[in-house]
Amino acid sequence: MIQPLAYIHPQAKIADNVVIEPFVTIHKDVEIGEGTWVGSNSVIMDGARIGKNCRIFPGAVVSAPPQDLKYKGEQSTVTIGDNTVIRECVTLNRGTALDKNTTTIGKNCLLMAYVHVAHDCIIGDNVIIANAVQLAGHINVYDYAFIGGTSAVHQFVEIGAHSMISGGSLVRKDVPPYTKAGREPLSYIGINSVGLRRRGFAAETINEIQEIYRIIFLKKYNVTKALDIIEAEFNPTVERDEIVNFVQNSQRGIMKGFGI
């Protein structure tokens, strides 16, 4: 299962049934779970913690030191959840001691070719990041989010669960859950109703989410007023509370409604 032309440090922890192709380099402080495949010419550096049944394609670099001048060589990690696919030439930088000390990729994710994930990012489960997306440091991407190809995301941005960002976007503000974002500057263009239906959300829930975002983005209220109205007019639900908490806790501010 391990090709003789690969270099694997003798202290790396490689589980059973791992396939390592020729010309792979695996450093000392590395752990790889059962059933994972590592393609030719990829490099797995110190601090990598790779789950089960992952697929890492040729040219990927996992757990490289952060591109951050504050990084002083401290030990830190990149963690990749089970069943995640890392396509060609993806680069994943490990965390820094000044923040989380780790970069985390969840389970069942797909990171397409040439994606870059910088230090201290947290990516949830079932996230899809399309080709050549660039994530700066300290970004949170929540479960089931989709980021379109060649988008660039500013540091410290939060991207909510079940949201969808169109290709080529410059993401400078937080993107609330369940929304679609597009145009320049990045703006609200509706809710991700197709994705929500595919994941089993009831029609009543989807309609309620849409009504909530009409108040936030289309009624021209300021954010504080919009949240007051939502809390007064909508009964507490998981989705309502997730939206309210996300908007209330946004540090960079949320994206604007189109034309606002």
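Scoring rules and cut-offs
- Residues numbered from 1 in each chain as written.
- Predicted model: local features only at pLDDT ≥ 70, side-chain atom pairs only at ≥ 80, totals over all residues.
- Heavy atoms only, no water.
- Pairing = 2+ DSSP bridges.
- Helix = DSSP H or I, 4+ residues; strand = E, 2+ residues; numbered from the N terminus.
- Axes fitted to C-alpha atoms, helices over the stretch in contact; angles between N-to-C directions.
- Parallel < 35°, antiparallel > 145°, perpendicular 65-115°, else oblique.
- Left-handed = near helix turned anticlockwise from the far one by under 90°.
- Contact = heavy atoms within 4.5 Å.
- UniProt positions renumbered as here; feature names shortened; annotations may be inferred.
- Salt bridge = Lys/Arg side-chain N within 4 Å of Asp/Glu carboxyl O.
- Buried < 20%, exposed > 50% of the residue type's maximum accessible area, 1.4 Å probe, protein only.
- Core = buried A, V, L, I, M, F, W, Y, C linked by side-chain atoms within 4.5 Å.
- Expected span 1.5 Å × (residues − 1).

**Description of the pairing of strand β14 (residues 102-105)**
Next up, step 1: Relative to β14, strand β11 (residues 77-80) runs parallel, the two being bridged by 4 bridges. Bridge pairing links I80 to I105 in β14.

**Here we look at the packing of helix α2 (residues 203-218) against helix α3 (residues 223-233)**
Next up, step 1: Across the interface, α2 lies against α3 with an axial gap of 9 Å and an inter-helix angle of 155°. Taken together, the axes of α2 and α3 lie roughly antiparallel to each other. Handedness of the α2/α3 crossing: right-handed. Here I212, I215 and I216 of α2 come into contact with α3, specifically with A226, I229, I230 and E233.

**Observations concerning the UniProt feature "domain: Mannose-1-phosphate guanyltransferase C-terminal" (unreviewed entry) in the chain**
Next up, step 1: As annotated in UniProt, the feature "domain: Mannose-1-phosphate guanyltransferase C-terminal" (unreviewed entry) corresponds to residues 3-56 in the numbering used here.
Next up, step 2: Along residues 3-56, the helical share is 0% and the strand share 37%, with 15 Å between the first and last C-alpha atoms.

**Things to note about the UniProt feature "domain: UDP N-acetylglucosamine O-acyltransferase C-terminal" (unreviewed entry) in the chain**
Next up, step 1: Taking the numbering used here, the UniProt-annotated feature "domain: UDP N-acetylglucosamine O-acyltransferase C-terminal" (unreviewed entry) corresponds to residues 174-255.
Next up, step 2: Split by type, residues 174-255 is 54% helix and 11% strand. Its first and last C-alpha atoms lie 6 Å apart.

**A look at the pattern of salt bridges**
Next up, step 1: Summed over all chains, the structure comprises 8 salt bridges.
Next up, step 2: The residue D29 makes a salt bridge to R49 at a minimum N-O spacing of 2.8 Å. Highlighted residues: D29 in the loop between β4 (25-26) and β5 (30-32) and R49 in strand β8 (residues 48-50), separated in sequence by 20 residues.
Next up, step 3: In this structure D29 comes out as partly exposed when scored by relative accessible area, which is 30%.
Next up, step 4: Linked through salt bridges whose partners overlap, the residues forming this network are D29, E31 and R49.

**Topic: the nonpolar core**
Next up, step 1: Membership of the largest hydrophobic core comes to 67 residues, with the highest contact counts inside it found for L92, L111, L135 and I216.
Next up, step 2: Of all the secondary structure elements, the ones that give two or more residues to this core are β5, β8, β11, β27 (187-191), α2, α3 and α4 (238-248).
Next up, step 3: Counting residues per element, this core draws most heavily on α2, at 7 residues.
Next up, step 4: Not counting chain neighbours up to four residues away, the residues in contact with L111 comprise V85, I86, R87, V90, L92, I105, V117 and I129.

**Description of α2**
Next up, step 1: With 16 residues, α2 extends 21 Å from end C-alpha to end C-alpha; this agrees with the ideal 22 Å at 1.5 Å per step.
Next up, step 2: Burial in α2 covers these residues: I206, I209, I212, Y213, I215, I216 and F217.
Next up, step 3: Buried-residue contacts for α2 involve β26 (179-182), β27, α1 (193-198), α3, α4 and β28 (256-257).
Next up, step 4: K220 occupies a position one or two residues after α2 and carries a positive phi of about 65°.

**Structural notes on the sheet that holds strand β24 (residues 164-165)**
Next up, step 1: The 11 strands lie next to each other as β3-β6-β9-β12-β15-β18-β21-β24-β26-β27-β28, forming an open sheet whose pairing is mixed. Among the strands making up the open sheet, the edge pair consists of β3 (19-20) and β28.
Next up, step 2: Note that β27 and β28 share 2 bridges and pair parallel. Counterpart to Y188 in the pairing with β28 is G257.
Next up, step 3: Strand contacts of α2: β26, β27 and β28, with the helix running at about 155° to β27, the strand carrying the most contacts.

**Here we look at the pairing of β11**
Next up, step 1: Sheet topology note: the β8/β11 ladder contains 3 bridges and is parallel. Looking across to β11, one finds that A48 is bridged to V78.

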